[in-house]
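Chain residues, written in single-letter form:
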Amino acid sequence: MSLAKAHKAACLAALAAGQIAQASRDERSSTVAQIIPTTGHPQDVLMAALQQDQAALHLLTDVKKKIALKKEQLIPKWQPIIEHYRESGAQHPFEPLVWFAIWCVDAGEFEQGIAWADYAIAQHQKMPERFKSANLESVITRQVHDWALEQFKAEHSAEPYITHVVERIESNQWLVSEPALLGMLFKLVAMFAQKENQDEKAESYFLKCVAANPEKHGVKGVLTKLQTKMGKPLTFA
């Protein structure tokens, strides 16, 4: 980066930090509009602020500290901005919306995160370049799966959030096409059902796991055992 560009980026970041801090102190109706443009220099300011916050997260190596930063600072800081974007009726590429949904889920704000993900998906918002997943629904699905798996191991419920995600996938509201991810999610739903003695549901989702990821489903043994218990025809006879 040239010295001129570096200086410009530094100035934009400083200006963004000042504007957003002011927004958190003043009434939203009088300040957020000043930092949420659709075109021109203020949009650059907003993106510089986002990059600044991403850099702050990158400096943290402890996962708990990252979550705390998102929960205690970034979500409260960006929420008025994201809400203003929605209320304005705008529909254009808006990277802060995507990050906000991801941050909410990371911070355990599942209801809010899934709702904002729905909004971003409906707007066909694209993923930031750093993500390997092609779409936001796959990222949120993986986040919820990983959290739900920890709940399963701790013998806690993952409801209602794992069901919210599964319902969106099965209704095609969310287009998740990664076989391994779908297989893991359906397998986990089956495991929860099996723990609760819901054998029919467990079998159904083990079979969905097999259908989603035929080569690497990893449920042959547990499904065979379950079907034997239920007196059902064996999938892997």
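Everything below is about the structure shown above.
Residues numbered from 1 in each chain as written. Predicted model: local features only at pLDDT ≥ 70, side-chain atom pairs only at ≥ 80, totals over all residues. Heavy atoms only, no water.

Some thoughts on the overall build of the chain
Counted only if it meets this: Secondary structure follows DSSP: runs of H or I at least 4 residues long count as helices, runs of E at least 2 residues long count as strands, and numbering of each begins at the N terminus. It only takes one pair of heavy atoms within 4.5 Å for two residues to be counted as in contact. To measure how exposed things are, a 1.4 Å probe is used in the Shrake-Rupley method; for residues, cover is taken only from the protein chains shown.
Regarding its fold elements, the chain presents 11 helices and zero strands. Of the regular secondary structure in the chain, the N- to C-terminal order runs α-α-α-α-α-α-α-α-α-α-α. Summarising the internal contacts of the chain: among those between residues at least 6 apart in sequence, 61% fall at separations of at least 24. Only carbon and sulfur atoms are counted for the fraction: they give 55% of the accessible area of the chain, which is about 13,000 Å².

Some points on the pattern of salt bridges
This is how it is decided: Take a side-chain nitrogen of Lys or Arg and a carboxyl oxygen of Asp or Glu: if they are within 4 Å of each other, that pair is a salt bridge. The buried label applies to any residue whose accessible area, calculated with a 1.4 Å probe on protein chains only, is under 20% of its type's maximum; exposed applies above 50%, and partly exposed to all values in between.
The final tally for this structure, using the stated rule, is 10 salt bridges. The residue aspartate 118 makes a salt bridge to arginine 168 at a minimum N-O spacing of 2.8 Å. A residue pair is termed long-range when its members are at least 10 positions apart, and aspartate 118 in helix α6 (residues 110-122) and arginine 168 in helix α8 (residues 161-170) qualify at 50 residues. The pair aspartate 118 / arginine 168 is uniform in exposure class, with both members buried. Measuring nitrogen to oxygen at the nearest pair gives 3.9 Å for the salt bridge that ties glutamate 150 to lysine 153. Here glutamate 150 and its partner lysine 153 are both found in helix α7 (residues 136-153), three residues apart, which amounts to about one turn of the helix. For lysine 153, a relative accessible area of 58% corresponds to the exposed category. Residues participating in the shared-partner salt-bridge network are Glu200, Glu203 and Lys232.

What to know about the packing of aromatic side chains
Selection criterion: Stacked, tilted and edge-to-face pairs are distinguished by plane angle, under 30 degrees for stacked and over 60 for edge-to-face with tilted covering the rest, among Phe, Tyr and Trp rings (Trp via its six-membered ring) whose centres lie within 6.5 Å. Counted as over-ring charges are cases with an Arg CZ or a Lys NZ within 6 Å of the ring centre that also lie within 35 degrees of the ring normal.
According to the stated counting rule, one finds 10 aromatic pairs in the structure shown. On the numbers, 4.4 Å between centres and 45° between planes, the contact of phenylalanine 110 with tryptophan 147 is tilted. Taken as a pair, phenylalanine 110 in helix α6 and tryptophan 147 in helix α7 lie far apart in primary sequence, 37 residues in all. Phenylalanine 110 gets classed as buried once you look at its relative accessible area, which sits at 6%. The aromatic ring of phenylalanine 152 is capped on one face by lysine 195, whose charged end is 3.8 Å from the ring centroid.

Overview of helix α4 (residues 63-87)
Rules: Take the seven residues that end at a residue and the seven that start at it, fit an axis to each, and the angle between those axes is the bend at that residue. Polar contact is the term for a pair of N or O atoms within 3.5 Å; when the atoms are in protein, one must be able to donate a hydrogen and the other to accept it, and sequence-neighboring residues count only if both atoms are side-chain atoms.
Where α4 bends most, at leucine 74, the angle is about 45°, and the proline proline 76 comes one to four residues later. Those residues of α4 that sit buried are Leu69, Lys70, Leu74, Ile75, Trp78, Ile81, Ile82, Glu83, His84 and Tyr85. One side-chain oxygen of the residue at the start of α4 lies 3.0 Å from the amide nitrogen of lysine 64, identifying that residue as aspartate 62. Looking one or two residues past α4, glycine 89 carries a phi angle of roughly 80°, positive in sign.

Side note on α7
To keep it simple, the criterion reads: Multiply 1.5 Å by the residue count of a helix minus one, and that product is the helix's expected span.
Between the first and last C-alpha of α7 there are 26 Å, a value that for 18 residues agrees with the 26 Å anticipated at 1.5 Å per step. Those residues of α7 not exposed but buried are Leu136, Glu137, Ser138, Val139, Ile140, Thr141, Gln143, Val144, His145, Ala148, Gln151 and Phe152. On its buried face, α7 is in contact with α5 (95-106), α6, α8 and α9 (179-195). Backbone geometry just after α7 places glutamate 155 at a positive phi near 60°.

A look at the side chain of glutamine 125
Within the secondary structure, glutamine 125 is located in the loop between α6 and α7. What makes glutamine 125 buried here is its relative accessible area of 12%. A distance of 2.9 Å separates the side chain of glutamine 125 from the backbone oxygen of histidine 92, its partner in a polar contact. Looking at glutamine 125, its side chain comes within polar contact range of the main-chain nitrogen of phenylalanine 94, at 2.8 Å. With residues up to four places along the chain from it excluded, the contact list for glutamine 125 reads Tyr85, His92, Pro93, Phe94, Leu97, Val98 and Ala120.

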